[in-house]
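So you can see what is in the structure, the chains are spelled out below.
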Amino acid sequence: MAEADLKTDLHRYLREARAALLWKLDGLPERDIRRPLTPTGTNLLGLVKHLITVELLYLSHVFGEPFDEPVAWFRPDAEPNADLWATADESREYIVGLYRRACEHSDGTIAALPLDSAGYVEWFAEPDRETTLHGILLHMIAETNRHAGHADVVRELIDGAVGLHEDIPMMAPGDQEWWADYRNRLERIAAGTAQS
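Residues numbered from 1 in each chain as written. Predicted model: local features only at pLDDT ≥ 70, side-chain atom pairs only at ≥ 80, totals over all residues. Heavy atoms only, no water.

Chemist: If you had to explain helix α4 (residues 92-112) to someone new, which residues and values would you point to?
Modeler: With 21 residues, α4 should reach 30 Å at 1.5 Å per residue; the first-to-last C-alpha distance of 30 Å fits that figure. All buried positions along α4 are accounted for by R92, I95, V96, G97, L98, Y99, A102, C103, S106, D107, T109 and I110. On its buried face, α4 is in contact with α1 (3-23), α2 (30-34), α3 (44-59) and α5 (133-159). (Helix = DSSP H or I, 4+ residues; strand = E, 2+ residues; numbered from the N terminus. Expected span 1.5 Å × (residues − 1). Buried < 20%, exposed > 50% of the residue type's maximum accessible area, 1.4 Å probe, protein only. Contact = heavy atoms within 4.5 Å.)

Next up, the structure:
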């Protein structure tokens, strides 16, 4: 496969993961996109905010391509997990808009550099600090899909919406009754194995 085709494929998978993540916010009120639904505080808007950090670190900083917009939580004195939740002053529009701008900046880096372009990830352990655009694209696809998967679960907990995208459910066919029966069957199996 030619390098251009490989880069196009990798970039497409990254764009699809980004779109899947953003779709999980559609149609939800402000409270629901901010609500922590796991013991560690995982929430939909925080996942998007975190991926702003990921885009800017891996596809900006690693390749010396500075992002020209200030990012409030990129400070040495920022509190832990500052990129995993949105403050009251950080609106959905601001976070989603900044994510889109960070992705556009990343897309510029991807377009400008060949896959074998050298990058340096200072927060990785040796010998993994030296990398290439190819390695970073693989990392970004994995990272973005990982958090899109978190968003899948969080969104299902909020209102039951599931699937890869509105037009691509990627779920077994079944109505609410079918899913309830399916879940109850799994509960019975789990309960039965817990006693063995």
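Next, the rest of the story.
Chemist: Help me get a handle on the packing of α1 against α4, residues and values and all.
Modeler: The N-to-C vectors of α1 and α4 enclose an angle of 175°; their axes lie 12 Å apart at closest approach. Judged on the interaxial angle alone, α4 and α1 are roughly antiparallel. Touching K7, H11, L14, R15, R18, L21 and L22 of α1 are V96, Y99, R100, C103, S106, D107, I110 and A111, all from α4. Grouping the constituent residues of the contact of α1 with α4 by class yields 8 nonpolar, 2 polar and 5 charged. (Axes fitted to C-alpha atoms, helices over the stretch in contact; angles between N-to-C directions. Parallel < 35°, antiparallel > 145°, perpendicular 65-115°, else oblique. Nonpolar A, V, L, I, M, F, W, Y, C, P; charged D, E, K, R; others polar.)

Chemist: I'd like to hear about the pattern of salt bridges, residue by residue, with values.
Modeler: Within the structure shown, the criterion is met by 15 salt bridges. Close ionic contact of R18 with D107 constitutes a salt bridge, the shortest N to O distance being 2.8 Å. Of this pair, R18 sits in helix α1 while D107 is found in helix α4, placing the two residues 89 residues apart along the sequence. We note that R18, like D107, is buried. Residue R92 pairs with E30 through a salt bridge whose shortest N-O separation is 3.7 Å. Here the residue R92 occupies a position in helix α4, and E30 occupies one in helix α2, the gap between them amounting to 62 residues. Given the relative accessible area of 17%, R92 is considered buried. (Salt bridge = Lys/Arg side-chain N within 4 Å of Asp/Glu carboxyl O.)

Chemist: Account for the environment of W23, naming residues and giving values.
Modeler: Assignment of secondary structure puts W23 in helix α1. The class of W23 is buried, set by a relative accessible area of 13%. Considering only alpha carbons, one finds W23 and R155, 132 residues apart in sequence, at a separation of 10.0 Å.

Chemist: Tell me about the nonpolar core, and please be specific about residues and values.
Modeler: Ranked by internal contacts, the top residues of the largest apolar core, which has 43 residues, are L21, L44, I52, L59, Y99, L133 and I136. At the level of secondary structure, the elements contributing two or more residues to this core comprise α1, α3, α4 and α5. Of the residues forming this core, the biggest block, 10 residues, is contributed by α3. Sequence-distant contacts of L59, defined by excluding residues within four places in its chain, comprise L14, V54, E65, S106, T109, I110, L133, I136 and M140. (Core = buried A, V, L, I, M, F, W, Y, C linked by side-chain atoms within 4.5 Å.)

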